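Single-letter residue listing:
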Amino acid sequence: MEFSLQNKWILITGASSGFGAAAAAAFGAAGAKLLLGARRVARLKTAAAQALAAGAGAAEFHELDVSTTASVQKFIAWAAEKTGGKNLHVLVNNAGGAHGLDTVADGQDADWEAMIQSNLLGLLRVTRAALPLMPHDAGASIINIGSVAAHTAYEGGAVYCAAKAGELQVTRALRLELLGTGIRVSTVDPGLAETEFSLVRFKGDAARAKKVYEGTRPLNARDIADVLVWIARRPPHVNIDELLVKPVDQAAVGKVHRRPNG
Ligand code: NDP
Ligand code: 8X3
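Residues numbered from 1 in each chain as written. Chains lettered and ligands numbered in written order. Predicted model: local features only at pLDDT ≥ 70, side-chain atom pairs only at ≥ 80, totals over all residues. Heavy atoms only, no water.

A.B. asks: How should helix α8 (residues 221-233) be read in this particular structure?
C.D. replies: Because the α-helix completes a turn every 3.6 residues, residues three or four places apart line up on one side. Here α8 is 13 residues long and its end C-alpha atoms lie 19 Å apart, about the 18 Å a rise of 1.5 Å per residue gives. For α8, the full list of buried residues reads Ala221, Ile224, Ala225, Val227, Leu228, Val229, Ile231 and Ala232. (Helix = DSSP H or I, 4+ residues; strand = E, 2+ residues; numbered from the N terminus. Expected span 1.5 Å × (residues − 1). Buried < 20%, exposed > 50% of the residue type's maximum accessible area, 1.4 Å probe, protein only.)

A.B. asks: I would appreciate a short explanation of the sheet that holds strand β5 (residues 141-145) in the present structure.
C.D. replies: Within a sheet, each strand pairs with its neighbour through backbone hydrogen bonds, oriented either parallel or antiparallel. Read from one edge of the open sheet, seven strands run β3-β2-β1-β4-β5-β6-β9, paired in parallel fashion. The sheet is open, and its two edges are formed by β3 (58-63) and β9 (242-245), each paired on a single side. Neighbour-to-neighbour, the strand axes of this sheet turn through a mean angle of 15°, independent of strand direction. Judged from the six bridges that link them, strand β2 (residues 33-38) and β3 form a sheet pairing that is parallel. (Pairing = 2+ DSSP bridges. Axes fitted to C-alpha atoms, helices over the stretch in contact; angles between N-to-C directions.)

A.B. asks: Help me understand the site of ligand 2 in this model?
C.D. replies: Close to ligand 2 lie Ser147, Val148, Ala149, Tyr154, Tyr160, Phe197 and Arg201, which account for all nearby residues. Here an oxygen atom of ligand 2 and a side-chain polar atom of Tyr154 are 2.6 Å apart. Residue Tyr160 places a side-chain N or O atom 2.6 Å away from an oxygen atom belonging to ligand 2. Relative to its free-state accessible area of 240 Å², ligand 2 is covered by the protein chains to the extent of 85%. Put simply, ligand 2 lies in the largest pocket. Across the shell around ligand 2, the residue classes break down as five nonpolar, one polar and one charged. (Near = heavy atom within 4 Å. Polar contact = N/O pair within 3.5 Å; in protein donor to acceptor, adjacent residues only side chain to side chain. Areas by Shrake-Rupley, 256 points an atom, 1.4 Å probe, with all protein chains shown as cover. 1 Å grid on protein atoms, 1.4 Å probe; cavity = no way out; pocket = protein on both sides within 12 Å on 5 of 7 lines; lining within 4 Å. Sits in = over half its atoms within 2 Å of the grid points. Nonpolar A, V, L, I, M, F, W, Y, C, P; charged D, E, K, R; others polar.)

A.B. asks: How should the site of ligand 1 be read in this particular structure?
C.D. replies: Taken together, 29 residues lie near ligand 1, and Ser16, Ser17, Arg39, Tyr160 and Thr195 sit nearest. In the model, a nitrogen atom of ligand 1 is placed 3.0 Å from a nitrogen or oxygen of the Asp65 side chain. Contacts to ligand 1 include Asn94, whose backbone N or O atom sits 2.8 Å from an oxygen atom. When ligand 1 sits alone it has 870 Å² of accessible area, and the protein chains cover 94% of it. Counting atoms within 2 Å of the grid points, the majority share of ligand 1 lands in the largest pocket. For the shell around ligand 1, the secondary-structure elements that each account for two or more residues are α1 (18-29), α5 (158-177) and α6 (197-201). Counted by class, the shell around ligand 1 contains 12 nonpolar, 12 polar and five charged residues.

Below you can see the structure in the form of C-alpha cells.
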C-alpha cells in the first residue's frame, strides 16, 4: 500500500529556492508537516506560506547553514522540539550547489570549500544529527539530491563532480549501515534543471546563467519535487535506490539539444 504523507514530519534542507522550495509545496500538497531550513530566512518564510496554501499540515522554518556543525545542531534541536521525538519520517538533503566553473588550474579555495561543505559535509552533518529523530520500521526515508555530475566529470566541474560523487557513495554506505532499521535511503540525480543553480554558480551573472538554458527545455523544480514525493510515497518495503532524471533534450552531460529560435 502507498505510504501516506498526511501529517508526517518532513525536513527539507535548502528550502529557500529551487528544488527545495518546490518540494515544500509538493509535500505540503500531500498534507505533510514541514520543517524547512536554509540561510535566507525571508525566502523560507515565502516557501512556508506557499506550502501552507498548498495544504501542508504545518510549515515551520529556521535558519540553517549546513557548512557548520553548530548551525546544524541548533537546527536539529529546534526540529526535535517540533516533532516531539522519533517522528521525522522524511529527510530531504537538498542544500548544495556549484560555485564557479574554473578548471583545476584556475580553481579558487573559497569555491572548492563551499562546494565540499554544502554538498558533502553538510549532508553528512544533517544526516548524523537527524537520524535519532527518525522512526524505525515505519516507512521513513532519507532522500539525497545528487546530480548527473556524480556520474560524469566535465571540464570546470572537478570539485562539484567530486562532491556529488561523494554524495553518491555516502548514500550507498548509509543504505548498508541502516539495513535492518527499515529506514529507506535514496538518491535523486537530476540533469539540467532551471533554478537558481546557474545564477549561484556564476556568482549573480544573470546573462551567463540564462545562456545555460537557451534554446533547450530543461527540467523545472516541480519536476524534481514530484519525484521526491513519489519516492517517499512508495510502500514501506520499497526502496528507490538511485534515480537519474534528465530532460528529454539532454542525452548526456554536455550533449544538449538546442533549437535555433528557443
Ligand atoms: P538553488 O540555488 O535554487 O537552491 C539551492 C538551495 O540550497 C537554496 O535553498 C540554498 O539556500 C541552499 N543552500 C546552499 N548552500 C547552503 C548552505 N551552506 N546551508 C544551507 N542551505 C544551503 O538550486 P537547486 O534547487 O537547483 O539546487 C538544489 C540541489 O540540487 C543542490 O544540491 C544542487 O547541487 C542540486 N542539483 C541541481 C541541478 C540543477 O541543474 N539545477 C541538477 C542536479 C543537482 P540559501 O542560499 O538560502 O542557504
Ligand atoms: C547540476 C547539473 O550538469 O550542471 O548538478 O552539473 S550539472
